[in-house]
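Architecture at a glance
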Amino acid sequence: MKTYAVDFESYYKKRGECSLVHLGTPSYLRHPECDVYLVSIVGEDWEWCGHPDEAPWEKIKGERWLSHNKYFDALVYKHKGYKIEPGEWLCTANMCAALNMPRSLQYAVKEGFGEDISKGVRDQMSGKQWADMTPEFQQDVIKYALDDSRWCLKLYQTFGDKWNPMERAISEETIRMCSRGVPIDKKTLEAGVKHVGKIREETTQALPWVFEGSKAKVLSPKALGIECEKVGITPPKSLARPKPFAKEGNEASKWIEDNPKYPWVEQMQTIRRANTFEKKLAAMLRRTYRGWMPYDLKVYGGHLGRDSGDGGVNMQNLNKAEMMEVDMRGLLKAPKGYKFVNPDLSAIEPRVLAWLTEDQDFLDMLAIYPDVYEAYGRSHNLYDYDDAMVDRDPVLRADIKVRVLGLNYGMGPDRFAAENGLSLREAKKIVYAYREDNPKTIEYGKELERDLAIAARKRRAKHVIEFPGGSTIIYVRPKKHGDLSAETMRDGRLIRGKLYSGLLIENACQHFARQIFMHGVLEMNKKKIFPLLRTHDEVLNLAKTKDAPRILDETIECMTMVPTWAEGMVIAAEGKILDQYQK
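Presented here is a report on the structure given in the accompanying data block. (Residues numbered from 1 in each chain as written. Predicted model: local features only at pLDDT ≥ 70, side-chain atom pairs only at ≥ 80, totals over all residues. Heavy atoms only, no water.)

Let us now look at the sheet that holds strand β15 (residues 533–535). Spatial strand order, β15-β16-β10-β17: 4 strands in an open sheet with antiparallel pairing. The open sheet has two edge strands with one neighbour each: β15 and β17 (573–578). Taken pair by pair, the neighbouring strands of this sheet meet at an average axis angle of 25°, ignoring direction. Strand contacts of helix α21 (residues 501–526): β10 (338–345), β15 and β16 (538–544), with the helix running at about 15° to β16, the strand carrying the most contacts. (Pairing = 2+ DSSP bridges. Helix = DSSP H or I, 4+ residues; strand = E, 2+ residues; numbered from the N terminus. Axes fitted to C-alpha atoms, helices over the stretch in contact; angles between N-to-C directions. Contact = heavy atoms within 4.5 Å.)

Pasting the structure below:
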């Protein structure tokens, strides 16, 4: 099979309506201003660039096609209605991400070959139709398109054999999943956009400095300060709301509590939230077509391999609770005659940690008791009754859960005290006892930190942690100047951050949990079950109403199937059948 890079070029406007960020790929392609005017095809023995309708598609029929954003290029190809089929079509952007290289072509080429490629021509293409370009600039665009395809081909030729087959399959599954999208209750979504917009507008009009002829900005701290001065009070320095789960309020929340007569700060916070939420809902609405919303997703979004949101709508971070009377998750609604099947892995990270640290006592208990926190209690002689812990002693179970989730990753007494409303003395007693009771976890963290420190001392370019199944975590250019640090891939770029034993344990657990989860997803594919959405450790499938119970059982069976490379791990999952997506 021969290999060819395929790259489409089309009209776009950076800060206009006709753009991928504003519309998402499918809606962008339907926009009246969108024109796909060029495609470059580059192989080892020949290359071509011109209008897609004139391209020699027959010449590359049945061969391997590459694109550095297959999600976009494959949707363009389908939108154009071309019928020639490739033997396979791979995404080199996803390949680079899986190999801990930058996702963007520009930075991947720099990382892989030390070459700088310019995107200046691409920037100049913004807002220009092909017919509007001068002949000279058209030639520049043709050269730019061919160069991109040449680099795409070279990336695959150089690094393709290092692309883990599992990651290649995940890449294809992700593109299929996102291209299909999720079913949306469009009427409720439209009503939600209007409702949130009304809240924003009414709250704005209630501010005393918003009136006809006023030049003050709605969210102006200066305008707030002037109004506060009129009534003899001091405005807060920050309008930020308290962080979720914070035990205490912040400056703004205390100001609101101390000044109940003046709702201005709370109103400004509401306007900010409404602005953001309205934009999210409007972005979903723009992407919805005939009741379905395709979406973007970065597979292997960071160095741990987990997915990350992309393209204007972050499907990895849909609000779990209602906001301004709009249930964002509930906007995902199964079509008539269908149900959502929504299983998720049960406490996968503590299970992974038990396996990585070879904590056989805990693993043995997990094989008998599916509740992780009961199994932990029994393996540490904290509970020995016949009844389920959740029924007999829910307080103990809640206490164990807090400790397991917080202290496995090295949380210190100060933070544990703050997050759980304890005195520092009480927190120290609990934290040190937990560490003493879990020596394998402590030793595992020390081993991870010790190995990274050795790599730093020897000035190794990369420190690679290999996991069963062939996956890796890569720490780039580790250093130890007081604190231990290394560069890791985040948002498509290498960013340096501090590292310590607890964080190294957390990274290892999250990465390997991701591998277990993705193994389950690929097992579903073998049974012709194709998720609509996956978020962290859960999937959302669609099934005919009569088939939903069977699909739920089969999906859970796939998710709990222990990979050959994780023999001895105990995996559990549970799920529900829904009309609408829920928390």
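And the narrative resumes.
Spatially, the 4 strands line up as an open sheet ordered β11-β12-β13-β14, and their pairing is antiparallel. Every other strand in the sheet has two partners, leaving β11 (462–466) and β14 (493–499) as the edge strands with one partner each. Taking the axes of each pair of neighbouring strands and ignoring which way they run, one obtains an average angle of 35° across the sheet. As judged from the 7 bridges shared by strand β13 (residues 483–490) and β14, these two strands associate in the antiparallel manner. Its bridge partner being in β14, Leu-484 is matched across the sheet by Leu-499. Together, β12 (472–481) and β14 form the strand contacts of α21, whose direction differs from that of β12 by roughly 170°.

Quick look at the side chain of Arg-378 now. Considering the arrangement of structural elements, one finds Arg-378 in helix α15 (residues 372–379). Given a relative accessible area of 8%, Arg-378 falls into the buried group. Here the side chain of Arg-378 touches Asp-387 through a polar contact of 3.4 Å, landing on its backbone oxygen. (Buried < 20%, exposed > 50% of the residue type's maximum accessible area, 1.4 Å probe, protein only. Polar contact = N/O pair within 3.5 Å; in protein donor to acceptor, adjacent residues only side chain to side chain.)

Here we take up the nonpolar core. Trp-57 and Leu-332 are the most contacted members of the largest nonpolar core, which totals 95 residues. Every residue in contact with Trp-57, bar those within four places of it in the chain, is listed here: Val-6, Phe-8, Val-39, Ile-41, Pro-52, Trp-65, Tyr-77, Tyr-82 and Ile-84. Counting residues in hydrophobic clusters, the runner-up holds 70 residues, among them Ile-170, Tyr-383, Ile-465 and Ile-516. (Core = buried A, V, L, I, M, F, W, Y, C linked by side-chain atoms within 4.5 Å.)

As for its placement among the helices and strands, Glu-88 is situated in strand β5 (residues 88–91). On the basis of relative accessible area, Glu-88 is assigned to the partly exposed category, the value being 24%. Taking the C-alpha atoms as reference points, Glu-88 and Met-315, separated by 227 residues in sequence, lie 27 Å from one another. Ignoring sequence-local partners within four residues, the contact set of Glu-88 consists of Met-1, Glu-63, Arg-64, Trp-65 and Arg-168. Looking at Glu-88, its side chain comes within polar contact range of the side chain of Arg-64, at 2.6 Å.

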